[in-house]
Amino acid sequence: AQSVTQLDSHVSVSEGTPVLLRCNYSSSYSPSLFWYVQHPNKGLQLLLKYTSAATLVKGINGFEAEFKKSETSFHLTKPSAHMSDAAEYFCVVSDYKTSGTYKYIFGTGTRLKVLA
Amino acid sequence: DAGVIQSPRHEVTEMGQEVTLRCKPISGHDYLFWYRQTMMRGLELLIYFNNNVPIDDSGMPEDRFSAKMPNASFSTLKIQPSEPRDSAVYFCASSLRGILYEQYFGPGTRLTVT
């Protein structure tokens, strides 16, 4: 079965320094991968997605992620953290079920803290 | 567009009571999803609809949970009877093109069952 692992439950960075949130996945076929962000008491918002086009994907708010098939990774990065980036981030992989349907598999989330 | 609208935003009820959560998807989106988020289990897909028809309800935890979509602009998730372990944040999301594409989430309903 497909799965997704977010390697860090909490990440702290100083404002202005790079952000790296790690995500590994397992999939028996070519997956679609997503990163979503959830600010406190809000719904999830799509940051970026990979659907078998360019392996380097650019998203909103300066975030990007690189799909590395050989490493089964889809890490999220940003060159310079801003205070407003403090939130929880979810890596998501599409899951093809034998019933012929799909569903999202969510990672457990990484809470990003940005220090002034 | 106003985005996905959920009501109520907060619901506190006693064990055994019926709870109904409501969702209005983004106009023109053919897919609607119900999720549950808890600290213990994270985000779980409960059920999703395509063109008002339930496609996959394998995530619905038990018969106490039911979901309907009577038309393209409205869906409900009902819990009857409610139990304390149902306490969670319930999200509704909609999508234009399907489950492999971006989903737009509502703000959620925080349910507390005492």
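Summarised in this report is the structure supplied together with it.

1. A look at the layout of surface pockets
There is about 720 Å³ of room inside the largest pocket. Lining the largest pocket are 28 residues, and of these A:Gln38, A:Glu88, A:Arg111, B:Gln37 and B:Met39 sit closest to its centre. Counting residues per element, the ones that place at least two in the lining of the largest pocket are strand 10 (87–96) of chain A together with strand 4 (31–38), strand 9 (88–95) and strand 11 (109–113) of chain B. No other element matches strand 9 of chain B, which puts three residues into the lining of the largest pocket. Along the lines of polarity and charge, the residues of the lining of the largest pocket split into eight nonpolar, 14 polar and six charged. Computed from the structure, the second largest pocket encloses a volume of approximately 300 Å³. In terms of lining, the second largest pocket is formed by 16 residues, of which the most central are A:Ile105, A:Phe106, B:Arg41, B:Leu43 and B:Glu44. The set of elements that each furnish at least two residues to the lining of the second largest pocket consists of strand 11 (102–106) of chain A together with strand 4 and strand 5 (42–50) of chain B.

2. Focus on the sheet that holds strand 8 (residues 74–79) of chain B
Residue and element names in this part refer to chain B. Read across the sheet, four strands follow the order 1-3-8-7 without closing on themselves; strand pairing throughout is antiparallel. Because the sheet does not close on itself, it has two edges, and the strands there are strand 1 (5–7) and strand 7 (65–71). This sheet shows a mean twist of 15 degrees between the axes of neighbouring strands, independent of strand direction. Bridge count between strand 7 and strand 8: five bridges; the pairing is antiparallel. What sits directly across from Asn-71, in strand 8, is Phe-74.

3. Overview of the nonpolar core
Counting 27 residues, the largest nonpolar core has A:Trp35, A:Leu48, A:Phe74, A:Leu76 and A:Tyr89 as its most contacted members. Residue contributions to this core peak at four residues, all from strand 10 of chain A. Each residue touching A:Leu48, except ones within four places of it in the same chain, is listed here: A:Leu33, A:Phe34, A:Trp35, A:Val57, A:Lys58, A:Gly59, A:Phe63, A:Glu64, A:Ala65, A:Phe74 and A:Leu76. One finds B:Cys23, B:Leu32, B:Leu46 and B:Ala88 within the second-largest nonpolar core, a separate group that totals 21 residues.

Rules and cut-offs
- Residues numbered from 1 in each chain as written.
- Chains lettered and ligands numbered in written order.
- Predicted model: local features only at pLDDT ≥ 70, side-chain atom pairs only at ≥ 80, totals over all residues.
- Heavy atoms only, no water.
- 1 Å grid on protein atoms, 1.4 Å probe; cavity = no way out; pocket = protein on both sides within 12 Å on 5 of 7 lines; lining within 4 Å.
- Points joined across faces, edges and corners; volume = space filled by probe spheres on them.
- Helix = DSSP H or I, 4+ residues; strand = E, 2+ residues; numbered from the N terminus.
- Nonpolar A, V, L, I, M, F, W, Y, C, P; charged D, E, K, R; others polar.
- Pairing = 2+ DSSP bridges.
- Axes fitted to C-alpha atoms, helices over the stretch in contact; angles between N-to-C directions.
- Core = buried A, V, L, I, M, F, W, Y, C linked by side-chain atoms within 4.5 Å.
- Buried < 20%, exposed > 50% of the residue type's maximum accessible area, 1.4 Å probe, protein only.
- Contact = heavy atoms within 4.5 Å.

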